[in-house]
Every structure is written in structure tokens, then in C-alpha cells.
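Working through the structure, step by step
Each chain is listed here by its residues.
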Amino acid sequence: FTGAWQPPAAGGWDPPARQSISCGADEISMTERVTKLTQSAAKGDAAKMLSRLHAILTKAKRQKLRDKLIVRINGSVGSARFMAKQLDMMAAVPGAFAEGNMQQRLGLVVKLVAAEEREAEAKAWADAAEGGMQKRARNVLREVRERVVGALSGKGFEGKIERAFVMVLDGAVADVGDGANVEVLDSAVV
């Protein structure tokens, strides 16, 4: 189930609400975690790859690296992810509502009048936010690459994890989300 929830207070945020029901094993194997990580990397989703790395670094001897990764994710990518999800929701709602939310709640100026132009503007902001989030995630991945691969050496997965880094970092032709919208969003999420 996916949707948005608006708190009763005026001017509140619209946090995404996702609920899922699943059954199965409580513990996901390391092989499954690494497979999911490589799938995220193959899609070029650096932010999801960071999330997957966080889950892989769960053993006590990797706790210090995991804690540092969490601080970097929360400090750099978390706020950008929140903004990206807010704007993604605004792109999916009717134009006038999106325009009001973007201006009043997110502090972004939307000057277009026609409904289809408002929707296009909301989509452009959402795309810019996603690109900015991915760029920030790639920066964090560059910072932790050697330490993560080193921490997982001898586990039989370091080759797959290194290939995932190559796919998402070295395979990226250019960072998406460059331009004026990203600069405004970067200043909004700092």
C-alpha cells in the first residue's frame, strides 16, 4: 500500500506512507543481500545501494564502519531523499495542489499558470531532486568504497561488491540532476 498522509496541522509535511505485508524468513542471507545490492547497482540506483550496504555491514566487527556510513547517509543523502520523495508526490497530484505545496511547504517558487505546465514543473523538480540525491549517494559511495570492500574481504563477496561499485560509480557517464533546480534543492536540504 502506498500513499501520503497529511498531518491535521496546517502547513504540515506529506510524508510518504508505505506499508507492506510479507511472510518468510526473518533473516535475509548475506548472499541475498549482496544480490539485491548488485541489482540496485545495475539499475544505477546509488541511494538504494547505500541502503543495501548499510544492511550488509551488520556484524559486530564492521559496526564502526556501519555507524560512520549511517552518519554520512543521514547527513548527506537522507535530507535529499526526503526532498526527492516530497517532490515525487507533488508530481503525482493535481496541479494547483502541487503548486501550493511546493511553494508553501517546500519553499520552491513555481511561476507557471496552466495545469499541464504546473505538472511538468513539479516533475522537473522531482527529477532534479532524484538526480541530486543520486549524486550525493555516489559521493558517499566514493568515500567508503575501499573501506567497505576491505571490510568484506575474505567473505567470498568482495568481487561482487567491487563490481557493484564499478557499475554505479565507474559506469556512470555523468551525474544527472545538474542545473539550477539542483542548486536550489541543495541549498534547501542542507
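Now for a description of the structure that goes with this document. All values reported here derive from a predicted model rather than from experimental measurement.

Next up on the list: the overall build of the protein. Counting its regular elements, the protein contains seven helices and two strands. Going from the N terminus to the C terminus, the protein shows its helices and strands as β-β-α-α-α-α-α-α-α. Long-range pairs, those at least 24 residues apart, make up 63% of the contacts in the protein between residues at least 6 apart in sequence.

Let's shift gears to the nonpolar core. Within soluble globular proteins, side chains that are nonpolar generally end up buried alongside one another. Ranked by internal contacts, the top residues of the largest apolar core, which has 35 residues, are Leu141, Val148, Ile161 and Phe165. Mapped onto this core, the elements with two or more residues apiece are helix 1 (30-42), helix 2 (46-56), helix 3 (63-92), helix 5 (115-151) and helix 6 (158-170). The contacts of phenylalanine 165, once residues within four sequence positions are left out, are Met49, Leu53, Leu141, Arg145, Val148, Val149 and Asp170.

A few words on the environment of valine 77. Of note, valine 77 is situated in helix 3. Of the residues examined, valine 77 reaches a relative accessible area of 4% and is grouped as buried. Here the alpha-carbon distance between valine 77 and valine 140, two residues 63 residues apart in the chain, equals 8.4 Å.

There is about 330 Å³ of room inside the largest pocket. For the lining of the largest pocket, the secondary-structure elements that each account for two or more residues are helix 2, helix 3 and helix 5. When grouped by side-chain class, the residues that make up the lining of the largest pocket number six nonpolar, five polar and six charged.

Attention now goes to the environment of arginine 62. Relative to the assigned elements, arginine 62 resides in the loop between helix 2 and helix 3. Here arginine 62 is in contact with Met30, Ile56, Leu57, Ala151, Leu152 and Lys155, once residues within four sequence places are set aside.

Another aspect to go through is the pattern of salt bridges. Using the criterion set out here, one finds three salt bridges in the structure. A salt bridge links glutamate 162 to arginine 145, with the shortest nitrogen-to-oxygen separation between them at 2.6 Å. Placement of glutamate 162 in helix 6 and of arginine 145 in helix 5 is noted, with a sequence separation of 17 residues between them. For glutamate 162, a relative accessible area of 28% gives the class partly exposed.

Before going further, it helps to spend a moment on the packing of helix 1 against helix 6. Where helix 1 meets helix 6, the axes come as close as 8 Å, and the angle between the chain directions of the two elements is 15°. One finds that helix 1 runs roughly parallel with respect to helix 6. Between helix 1 and helix 6 lies a crossing whose hand is left-handed. Between helix 1 and helix 6, the residues in contact are Val34, Leu37, Thr38, Ala41 and Ala42 and Lys160, Ile161, Ala164, Met167 and Val168, respectively. Here the contact of helix 1 with helix 6 is built from residues that sort into eight nonpolar, one polar and one charged.

Conventions and cut-offs
- Residues numbered from 1 in each chain as written.
- Predicted model: local features only at pLDDT ≥ 70, side-chain atom pairs only at ≥ 80, totals over all residues.
- Heavy atoms only, no water.
- Helix = DSSP H or I, 4+ residues; strand = E, 2+ residues; numbered from the N terminus.
- Contact = heavy atoms within 4.5 Å.
- Core = buried A, V, L, I, M, F, W, Y, C linked by side-chain atoms within 4.5 Å.
- Buried < 20%, exposed > 50% of the residue type's maximum accessible area, 1.4 Å probe, protein only.
- 1 Å grid on protein atoms, 1.4 Å probe; cavity = no way out; pocket = protein on both sides within 12 Å on 5 of 7 lines; lining within 4 Å.
- Points joined across faces, edges and corners; volume = space filled by probe spheres on them.
- Nonpolar A, V, L, I, M, F, W, Y, C, P; charged D, E, K, R; others polar.
- Salt bridge = Lys/Arg side-chain N within 4 Å of Asp/Glu carboxyl O.
- Axes fitted to C-alpha atoms, helices over the stretch in contact; angles between N-to-C directions.
- Parallel < 35°, antiparallel > 145°, perpendicular 65-115°, else oblique.
- Left-handed = near helix turned anticlockwise from the far one by under 90°.

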